[in-house]
Structures are given as C-alpha cells and as structure tokens.
Amino acid sequence: MQSEPGARSPLPDPPSLWRATAPDLPETPVLDGQQDTRVAVIGAGFTGCSAALHLAEQGVPVTVLDAGQPGIGASGRNGGQVNPGIKLRVEAVQRIWGTELGRELYRTMGGAPDLVFDLVNRHGIPCHPVRTGIIQPAYSGKSLDYLKRYGDYQASTGAPVRILDRQRTCELTGSTFYCGGFLDERAGSVQPLAYCRGLAEAAIRNGARFFGNSPVRRIESSERRKILHTPGGRVAAEQILICTNGYTDLVAHDPLIRKLSKTIIPFYSYQVATSPLADAIQETVIPQLQVVADTRRLLTYFRKDHEGRLVMGSAGGPHDARGASSYGLVVDRIREIYPQIGTPQIEFRWSGRVCLTADGVPHVHALSPGIYTGLGYNGRGVAMATLMGKWLADLAADIQPDTPTIPVTTARALPCHALQNPVVRIMLAINNIQDKVEYRRAAIP
Ligand SMILES: Cc1cc2nc3c(=O)[nH]c(=O)nc-3n(C[C@H](O)[C@H](O)[C@H](O)COP(=O)(O)OP(=O)(O)OC[C@H]3O[C@@H](n4cnc5c(N)ncnc54)[C@H](O)[C@@H]3O)c2cc1C
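Worth saying up front: this structure is predicted, and the values here are computed from it rather than measured.

Following the criterion strictly, the structure yields nine aromatic pairs and no others. Considering the side-chain rings of Phe46 and Tyr195, the 5.2 Å spacing of their centres and the 45° angle between planes classify their relative orientation as tilted. Of this pair, Phe46 sits in helix α2 (residues 46-57) while Tyr195 sits in helix α8 (residues 192-205); the two residues are 149 residues apart in sequence, bridging distant segments of the chain. Both residues of the pair, Phe46 and Tyr195, belong to the buried class. Ring plane angle 25° and centroid distance 5.8 Å describe the contact between Tyr146 and Tyr150, whose orientation is recorded as stacked. One end of the pair is Tyr146 and the other is Tyr150, both in helix α6 (residues 141-156) and four residues apart, which spans about a single turn. Following the ring pairs from residue to residue traces out a cluster consisting of Tyr139, Phe177 and Tyr178.

A word on the side chain of Thr244. Topologically, Thr244 is positioned in the loop between β13 (239-242) and α9 (255-261). Note on Thr244: relative accessible area 16%, which makes it buried. Within the structure, Thr244 has its side chain in polar contact with the side chain of Thr248 (distance 2.8 Å). Those residues within four positions of Thr244 in sequence are excluded, and the remaining contacts are Ile42 and Leu260.

In the region of the ligand, 37 residues are neighbours, and Thr47, Asp66, Ser75, Gln81 and Val382 sit closest. Within the side chain of Asp66, an N or O atom sits 2.6 Å from an oxygen atom of the ligand. In the environment of the ligand, an oxygen atom lies 2.9 Å from a nitrogen or oxygen atom belonging to the backbone of Val382. Within the complex, 98% of the 1,000 Å² of free accessible area of the ligand lies under protein. Here the element with the most residues in the shell around the ligand is strand β18 (residues 346-356); it accounts for three residues. Residue classes in the shell around the ligand are distributed as 17 nonpolar, 16 polar and four charged.

Two numbers describe how α2 lies on α8: the axes approach to 8 Å, and their chain directions differ by 30°. For the element pair α2 / α8, the angle class is roughly parallel. The chirality of how α2 crosses α8 is left-handed. Residues Phe46, Cys49, Ser50, Ala52, Leu53 and Ala56 of α2 pack against Pro192, Tyr195, Cys196, Leu199, Ala200, Ala202 and Ala203 of α8. Of the residues contributing to the contact of α2 with α8, the split by class is twelve nonpolar, one polar and no charged.

Turning our attention to the side chain of Ser189. Locating Ser189 in the fold gives a position in strand β8 (residues 188-189). Using a relative accessible area of 3% as the deciding quantity, one classes Ser189 as buried. Among all residues touching Ser189, those that are not within four sequence positions of it are Gly80, Val82, Phe117, His128, Pro129, Val130, Val291 and Arg303.

It is worth spelling out the sheet that holds strand β10 (residues 218-221) at this point. Read from one edge to the other, the open sheet built from four strands follows the order β1-β12-β11-β10, with strand pairing classed as mixed. A single partner strand is all that each edge strand has here, and the edge strands are β1 (33-36) and β10. Within this sheet the neighbouring strands show an average axis-to-axis angle of 20°, counted without direction. When β10 meets strand β11 (residues 226-229), the two strands line up antiparallel, connected through four bridges. The residue of β11 that forms the bridge with Ser221 is Lys226.

About the cut-offs
- Sequence order as written defines the numbering, with residues in each chain counted from 1.
- A pLDDT threshold of at least 70 governs which residues receive local features in this predicted model, and a stricter bar of 80 or more applies before side-chain atom pairs are shown or counted, although totals over entire chains, interfaces and linings include all residues.
- The side-chain quantities take in all heavy atoms of the structure and omit both hydrogens and water.
- In summary, the pairing rule links any two rings of Phe, Tyr or Trp, Trp by its six-membered ring, whose centres are within 6.5 Å, and it sorts them by plane angle into stacked for under 30 degrees, edge-to-face for over 60 and tilted for everything else.
- Secondary structure counts use DSSP, requiring at least four H or I residues in a row for a helix and at least two E residues in a row for a strand, with both numbered from the N terminus.
- With a 1.4 Å probe rolled over the protein chains alone, any residue whose accessible area is under 20% of its type maximum counts as buried; one over 50% counts as exposed, and the rest are partly exposed.
- Within 3.5 Å is the distance limit for a polar contact, defined as a pair of N or O atoms, with the added protein rule that one can donate a hydrogen and the other accept it, and that residues adjacent in sequence qualify only through two side-chain atoms.
- Residues count as neighbours in contact if any of their non-hydrogen atoms are within 4.5 Å of one another.
- Being near a molecule or strand, for a residue, means having at least one of its heavy atoms within 4 Å of it.
- For the area figures, the Shrake-Rupley method with a 1.4 Å probe applies, and any residue is considered shielded solely by the protein chains shown.
- Nonpolar residues are Ala, Val, Leu, Ile, Met, Phe, Trp, Tyr, Cys and Pro. Charged residues are Asp, Glu, Lys and Arg, and all others, Gly as well, are polar.
- For every element, the axis is a line fit to its C-alpha atoms; helices are fit only across the contacting stretch, and the angle between N-to-C directions ranges from 0 to 180 degrees.
- Roughly parallel refers to an angle under 35 degrees, roughly antiparallel to one over 145, roughly perpendicular to one between 65 and 115, and oblique to any angle outside these ranges.
- Two helices crossing with the near one rotated counterclockwise from the far one by less than a right angle form a left-handed crossing, whereas a clockwise rotation gives a right-handed crossing.
- At least two DSSP bridges between two strands are needed for those strands to be called paired.

As far as function goes, none of this settles anything; it's purely spatial.
Written out as structure tokens, the structure reads:
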C-alpha cells in the first residue's frame, strides 16, 4: 500500500515557545505498507511515548502511530509543570476508589514526578529540568485556609510540603498579589516538547518504531489480532494502547475511538510567553525557578523558562484561540500579578486541549479484549501521563506493576455529551464570578 503523497497532520502545529526552543524531532516516517508488532500505540504524547519506552525497555516489540508528530498534542503545548498527583483532595479520591486504594493511589500519583526526573536522567533527555517545587499561592483568605488543611494532610503522609506566609510567598513568587501559599518540593519543570521528543527518541533507541503523519482511521479487531489502518498502511498487533487524551476526536472515523471521545470533555487552555525579562526584573520574578499555580477556580499557572521568559497560562474555553485577543485574560493577569514588568512584550501565544473527566480523575479503560486506554489528566498530565504510560505498558506486557494502579473500568459515554460546549461556557462564567466574589469578600490578613 502506498502512503499518501505529502501526508500532513490533521492537527495544526502553530509556533510556540516550546517549538522554537526544542531539539529536533526524532525521525518518524509516514507509515507505508504493512507492519507487524506485539503492541501498537495510538498517539505520541507523554502517555504513548512513555508506554512505548517502557515496553521497548522490556524488549516488547512496539509500534507508535501519531496523526502528527511526537508532542504535537497537549504534550508539546503545556506549561511544563511537573506536578505531583491530581487536583482533587484525598477524600474525593477515596470516594471514587475506596478508602485504602484511594489513599495508596493518592500517594503513588503524588510521587509521579520522580518517574519523570528519573527518565530524564537515565536517558539524558535535554529538556532543561529544574526541581525546586511548586508554589500554590492563595488568592483569598478562604483558599489559604484550605491550603493549610491540605498542607497538614500532605505533611502527615511524609510529603515535603510547607505553608508559606505572605512575606515568603512574596519573596518566592516576586509578587505582592497573594496572601500566602504552599510549597511542594516534589514538583519541578521541563521544556515539555523537548521532554516528549526525548521520550520518543529514547524509545526508538531501545527498539520502538514510530510513524508520524499517520492518523489511525480504523481499528479492525478480532480476539487474537488487531489491525490499525492509516491512509498509507496497516499495523497488525496483539494489543492496542489508545493514548489520544484530549485529541481523541481528531480523526474519529473509528466507532471505538468515537465512543471513547464521548467519555471526556476537551477544553482549551491558552498560554503566552514574554520576551526574556530585563535582568533586574528577572532576579525578582520566581528567583528559585519554582513553578506556580494559584488557587483560583480559573487558575493562573506560570513559571520562567531557561532564558528568563515569563510563561503564563489560564483557562481558555471550549474553542481554540481566535487571534491575539483570545489571550487578553492571560496578559491582564501578568499585569495584575507582576506590575513591575509594565506592558508585557508577548513573544509567543499558543493553546492546547486539556482533557477533563466528569469525576476529575484519570481513567484506565478496557475498550475490548486487548485494547486499553488511559486518559483524563484534568490539566495535570506531565507527570501523570508519564506514569500512565508505564501502567499501560505493564498492562499490555502482562507485567505485575510495582505500584498500585487505577482500576481498569468500562468506558461510559457522558450523558448529554453533545451539550458539552455550552456547559463548559456556563461553568467558566460561574467560576469567574465566584473567583471575583471570593476575592472581594476576602479579608486578606
Ligand atoms: C495549554 C496546556 C497547558 C498545560 N499545562 C500543564 C502543566 O503545566 N502541567 C501538567 O502536568 N499538565 C499540563 N497540561 C496537561 C498535559 O499537557 C496533558 O495532560 C498531557 O500532555 C497529556 O498527554 P497525552 O500523551 O495523554 O496526550 P497528548 O499529548 O494530547 O497526545 C495525544 C496524541 O494523540 C494523537 N492522536 C489523536 N488521534 C489520533 C489518531 N486517530 N491516530 C493517531 N494519532 C492520534 C495526537 O496527534 C496527539 O499527538 C496542560 C495542557 C495544556 C493543553
């Protein structure tokens, strides 16, 4: 079978800070003809690349197909914040997975950054790793009270966390905007596209095969053998891992993939990067290079890159950005949090899809015998997707995992999924109002 001449990704890859500063892509030709493998992976973000690397390291034959290139999805577009765990509190997690498993999974997911930094070190991935923690600054007295309770719980599990008073928060962030905060030393940052390409390169070095611009349009499945069809070829495999997360509906011709896309809510987050800050200002802004994510419902997340740019993002909406005006909220927040920068010089603007789930936790589903998926990181996927990739690799290779894992469940379409866009828009508006009311009411100590 011939590959389509000049095959192109169905997903546009606009310029971004990460694309401008990442090392070159590993070679990922278009699939042309027939390939046989043991495990086929659809999607080359952190989930798919981590799964491929862990399988290849075990000597399991693995082939990865991406509609574009490694990191073209959320993995090459995010804030690069390597955060521990998920956003929910432990009690919420325990309600979903039970008291014991919930507590164990909470701790395991909290340790996910270890896996990221271990892979970076072990495979020499050039992605500017920094591990000085995450600051969660409080936007109101009420959220500071919550952080104190959350900090006490984390500390009781042995996590290296600390409550920060107003002055220390101000010193560490370089902003007087917040009334206190919380530091979790398990976190850090990477250049996310460089990290994703590095995972792909390490997987290829270990024997994995990667094909780019090769969207999977159809899955043919019998009990023993599955065949993935792309425009240029076919891959026959014993097992399939679907690692398409927020981009699951990108090429949704296949009924199984279409069904999976109805279990999640994709949501755009918009991000900007300034030009490198002037030295005198740069020294005051996050001098120890922690990553920061505040406590607003429409949270603001930010950090500096390795060349002293301020990189900041926030919630966007159900649709992709439409020109520079879509980034107005993020630019306003730079002014609000860092007035010392003056009018920020914006060098890059870009956006990407976050994958939300109805219960706020990631899911592992068996879609049919030998076809698994892991997805739904709710905006915390750099570490979690890397861990998920390892879990999926263990599942496909029938290896006993060395940590507790999320139980494998059946995928269920969300009721009224077709109404997701208006619902997301209403939720955003409500959250915005709640944030404003809370901020006004807050008697900041
Ligand atoms: C703007 C933004 C900021 C974020 N910031 C952070 C952060 O700072 N920290 C954090 O922890 N998380 C963050 N996240 C979340 C994090 O980026 C994601 O959770 C994570 O990258 C998900 O990785 P993934 O591999 O599962 O999916 P993706 O990286 O989205 O990869 C999915 C891949 O599937 C491919 N694909 C889809 N359909 C097909 C098909 N039919 N055939 C072949 N290939 C297909 C796509 O091309 C894509 O490459 C952010 C997300 C966004 C969008």
